[in-house]
Amino acid sequence: MAISKLAPLLFLALVFLSIAEPGEPSLLADIKQGQDPDKEPYVGVNVGTDVSHLLSPPNLVSFLQVQKITHVRVYDADPDLLKALAKTKIRVIIGVPNNQLLAIGSSNATAASWVGRNVVAYYPETSIIGIAVGDEVLTTVPSSAPLLVPAIESLYSALVAANLHTQIKVSTPHAASIILDSFPPSQAYFNQSLVSVMLPLLQFLSRTGSPLMMNLYPYYVFMQNKGVVPLDNALFKPLTPAKEMVDPNTLLHYTNVLDAMIDATYVSMKNLNVTDVVVLVSESGWPSKGDSKEPYATVDNADTYNSNLIKHVLDRTGTPLHPELTSSVYIYELFNEDLRSPPMSEANWGLFYGNSTAVYLLHVSGSGGFLANDTTNQTYCIAMDNVDSRTLQTALDWACGQGQANCSEIQPGEDCYQPSNVKNHASYAFDSYYQKEGKAAGSCDFKGVAMITTTDPSHGSCIFPGSKKVSNATKQVVNSTVSSGATESSRFFIFSSNRRTAIDKALGSVFSVLFSFLLAVALWTPI
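Residues numbered from 1 in each chain as written. Predicted model: local features only at pLDDT ≥ 70, side-chain atom pairs only at ≥ 80, totals over all residues. Heavy atoms only, no water.

Taking an unreviewed UniProt entry as the reference, the protein chain is identified by name as glucan endo-1,3-beta-D-glucosidase belonging to Eucalyptus globulus. The record in UniProt for the protein chain states the following under Catalytic activity (unreviewed entry): "Hydrolysis of (1->3)-beta-D-glucosidic linkages in (1->3)-beta-D-glucans." If you open the UniProt record of the protein chain and go to Subcellular location (unreviewed entry), you find "Cell membrane". (UniProt positions renumbered as here; feature names shortened; annotations may be inferred.)

Below, the structure is given as structure tokens:
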């Protein structure tokens, strides 16, 4: 067969293969990007430790795995937690506390020692992807501002010496207040008194391919501008065109406050001639409870904000100014930090209570992974991993005895007897008690050995009590959602978008058939 005859048809097929849904990366772009999940926008969580009964590091890691949380940011470099995270593939940003800046910023040797002790000792078994140097240093401890960039440079030099500088990025989280005139975004700029620090910092981030970390809270923007900023705009709720915020200089329409804050950051960087640094939202969230002066700190608003935030990130729609760039976001935060000082909202930013009971169920159905079956409010109580058998047996005995859980299904010969081990039996008994108590707060604790999950633990002919109360039709929806989020690639709570996956598969099938057809025509057409 003449190559000249075949080439046009093969070229046409390749053109079709390279076509993607509008706004989607092409197949060739996907190949170039490879399989690194951090190349795509993701949602992670901040893990604070001001919790009176914080889970032990092994139990905390088990909890993260059950909840499909694959990215976390911590505020220090706790060795027990870093050790527990080993070989889990959970990606972690570790922190340098503000009170360590003086030592690290003043001594390269101290920085090298810190990296050796907190990074090299655990990497790559523990997937450390970033170091957050301080937290809101420029606004909370301005006296340390002159040491910020030297500390960052010293830590980076230590990473270079360890040949880890391409795998681990170094940055520092900032408060939104470092930006003035943030709306309209086109007029935003960094506080001039901070430029002596911000300019060399941005130049460093540009040179090393690191993100600018920003703690962005539409909640505070709304509270400070009530009557000007609509609540719906702060919560990502659908708006009529009349309620959209419009930048008069660019005529860009903003349907939510977070996008406006991100674009204000990009404009501020551009004013300093930096245009190649991406924004990473290192904190964002909404409190679920507040005092009398915080009437908008409610469970419904927190649920709405965080649910819509997750959808917004995973839709990959970017911002009005940069639709091609979608910032990854870390939700503040995993647990309510009940040891925080007033106001009341400070202790109520968590998605979970300290005992791992959900404060509320996010509404992100169809995205797979964490809380996938929230539309039925279906949750289960199961035994944590890595709990010794004796402790579990004690909790199991209490549940089936004094707790009056229905444990008949875990008796020999019954559907849930196999696998016959204490963890499996305890999970069934815990869920029986939890469902019997109406999923009341604290009913899934058992002295810290149980946790809430939204993944149905039923298996084979063993149907857990939480599933027996769901109709068959509903169970089919729940099961399909859970299975779609059970793979290693699922995100957040890190959800892969089922909508996107379905489109990709459909397009892939169509183009595969088309390619085969064109190839067959080329092969069988007489020369």
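So much for the structure itself; the text now carries on.
(A) A look at helix 13 (residues 299-314). Look at helix 13: 23 Å from first C-alpha to last across 16 residues, which is about the 22 Å you get at 1.5 Å a residue. Counted residue by residue, helix 13 has twelve buried out of 16 residues, so it is predominantly covered. Just downstream of helix 13, Arg316 is the residue with a positive phi angle, here 55 degrees. (Helix = DSSP H or I, 4+ residues; strand = E, 2+ residues; numbered from the N terminus. Expected span 1.5 Å × (residues − 1). Buried < 20%, exposed > 50% of the residue type's maximum accessible area, 1.4 Å probe, protein only.)

(B) Local environment of the packing of aromatic side chains. This structure, assessed with the given rule, holds 21 aromatic pairs. Here Tyr219 and Trp349 contribute two aromatic rings whose centre-to-centre distance is 5.8 Å and whose plane-to-plane angle is 90 degrees, an arrangement assigned as edge-to-face. Pair noted here: Tyr219 is in helix 10 (residues 218-224) and Trp349 is in the loop between strand 13 (329-331) and strand 14 (380-383), with a separation of 130 residues, a long-range link. Each member of the pair, Tyr219 together with Trp349, is buried. Centre to centre, the rings of Tyr428 and Phe464 are 5.2 Å apart; their planes meet at 65 degrees, and the pair counts as edge-to-face. Taken together, the residues span a long stretch of sequence, with Tyr428 in helix 15 (residues 422-436) and Phe464 in the loop between strand 15 (450-453) and helix 16 (465-468) at a distance of 36 residues. (Phe/Tyr/Trp six-rings, centres within 6.5 Å; stacked < 30°, edge-to-face > 60°.)

(C) Summary view of the packing of helix 14 (residues 389-400) against helix 15. Two elements in contact, helix 14 and helix 15, have axes whose closest approach is 9 Å; the angle formed by their N-to-C orientations is 35 degrees. Read as a crossing pair, helix 14 and helix 15 show a hand that is left-handed. Residue-level inspection shows Ser389, Leu392, Gln393, Ala395, Leu396, Trp398, Ala399 and Cys400 of helix 14 in contact with helix 15, the latter providing Val422, Lys423, His425, Ala426, Ala429, Phe430 and Tyr433. Of the residues that constitute the contact of helix 14 with helix 15, the class distribution is eleven nonpolar, three polar and one charged. (Axes fitted to C-alpha atoms, helices over the stretch in contact; angles between N-to-C directions. Left-handed = near helix turned anticlockwise from the far one by under 90°. Contact = heavy atoms within 4.5 Å. Nonpolar A, V, L, I, M, F, W, Y, C, P; charged D, E, K, R; others polar.)

(D) Structural detail: the side chain of Ser284. Counting through the fold element by element, Ser284 comes out in strand 12 (residues 279-284). In this structure Ser284 comes out as buried when scored by relative accessible area, which is 0%. There is a polar contact of 2.6 Å between the side chain of Ser284 and the side chain of Tyr305. Other than its neighbours up to four places away in sequence, Ser284 contacts Leu216, Tyr217, Pro218, Leu258, Tyr305, Asn306, Leu309, Val329, Tyr330, Ile331 and Tyr332. (Polar contact = N/O pair within 3.5 Å; in protein donor to acceptor, adjacent residues only side chain to side chain.)

(E) Spotlight on the side chain of Ser328. Along the chain, Ser328 falls in the loop between helix 13 and strand 13. Ser328 sits in the buried class, given a relative accessible area of 10%. For Ser328, the side chain forms a polar contact with the main-chain nitrogen of Tyr42, separated by 3.0 Å. When neighbours within four sequence positions are excluded, Ser328 is seen to be in contact with Glu40, Pro41, Tyr42, Leu280 and Val281.

(F) Up close: the environment of Asp300. Along the chain, Asp300 turns up in helix 13. Placed 60 residues apart in sequence, Asp300 and Tyr360 show a C-alpha to C-alpha distance of 8.4 Å.

(G) Representation of the sheet that holds strand 13 in the model. What the nine strands build is an open sheet, ordered 5-4-3-2-1-13-12-9-6; its pairing is parallel. What marks the edges here is a single partner per strand, and that holds for strand 5 (169-171) and strand 6 (173-175). Sheet twist, expressed as the average angle between the axes of neighbouring strands with direction ignored, equals 25 degrees. One ladder, built from three bridges, connects strand 4 (residues 128-133) with strand 5; its direction is parallel. The residue of strand 5 that forms the bridge with Ile131 is Val170. (Pairing = 2+ DSSP bridges.)

(H) The state of the cysteines, seen in detail. In total, this model carries three disulfides according to the counting rule given. Across the disulfide from Cys381 sits Cys444; the S-S distance is 2.1 Å. One disulfide, between Cys381 and Cys444, carries an S-S torsion of 85 degrees and so falls in the right-handed class. With a gap of 63 residues between them, Cys381 in strand 14 and Cys444 in the loop between helix 15 and strand 15 connect regions that are remote in the sequence. The burial state of Cys381 is the same as that of Cys444; both residues are buried. Each sulfur in the disulfide pair Cys416 and Cys462 lies 1.9 Å from the other. Taking the sign of the S-S torsion, 105 degrees for the link of Cys416 and Cys462, the bridge is right-handed. Remark: Cys462 occurs in the loop between strand 15 and helix 16 and Cys416 occurs in the loop between helix 14 and helix 15; sequence separation between them is 46 residues. As far as burial versus exposure is concerned, Cys416 and Cys462 are alike and both buried. Once the disulfide-bonded cysteines of the protein chain are ranked by sequence position, their pairing pattern turns out to be 1-5, 2-3, 4-6. (Disulfide = S-S within 2.5 Å.)

(I) Broad picture of the packing of helix 6 (residues 108-120) against helix 8 (residues 145-161). Close contact between helix 6 and helix 8 brings their axes to 8 Å; oriented N to C, the two are set at 55 degrees. Between helix 6 and helix 8, the angle falls in the class oblique. As for how helix 6 packs across helix 8, the hand of that crossing is right-handed. Two secondary-structure elements touch here, helix 6 through Asn108, Ala111, Ala112, Trp114, Val115 and Val119 and helix 8 through Ser154, Leu155, Ala158 and Leu159. Residue composition of the contact of helix 6 with helix 8, grouped by class: eight nonpolar, two polar and no charged. (Parallel < 35°, antiparallel > 145°, perpendicular 65-115°, else oblique.)

(J) Spotlight on the pairing of strand 15. Neither face of strand 15 is left uncovered, since the one carrying Ala450 and Ile452 and the one carrying Met451 and Thr453 both have all their residues buried. Direction of pairing for strand 14 relative to strand 15: antiparallel, over a ladder of four bridges. Note on strand 15: the bridge partner recorded for Ile382 is Met451.

(K) Structural detail: the pairing of strand 4. Within strand 4, six of the six residues are buried, leaving the element largely enclosed by the surrounding structure. Strand direction decides the pairing type here: strand 3 (residues 91-96) and strand 4, joined by five bridges, are parallel. Pairing of Gly95 across the sheet is with Ala132, part of strand 4.

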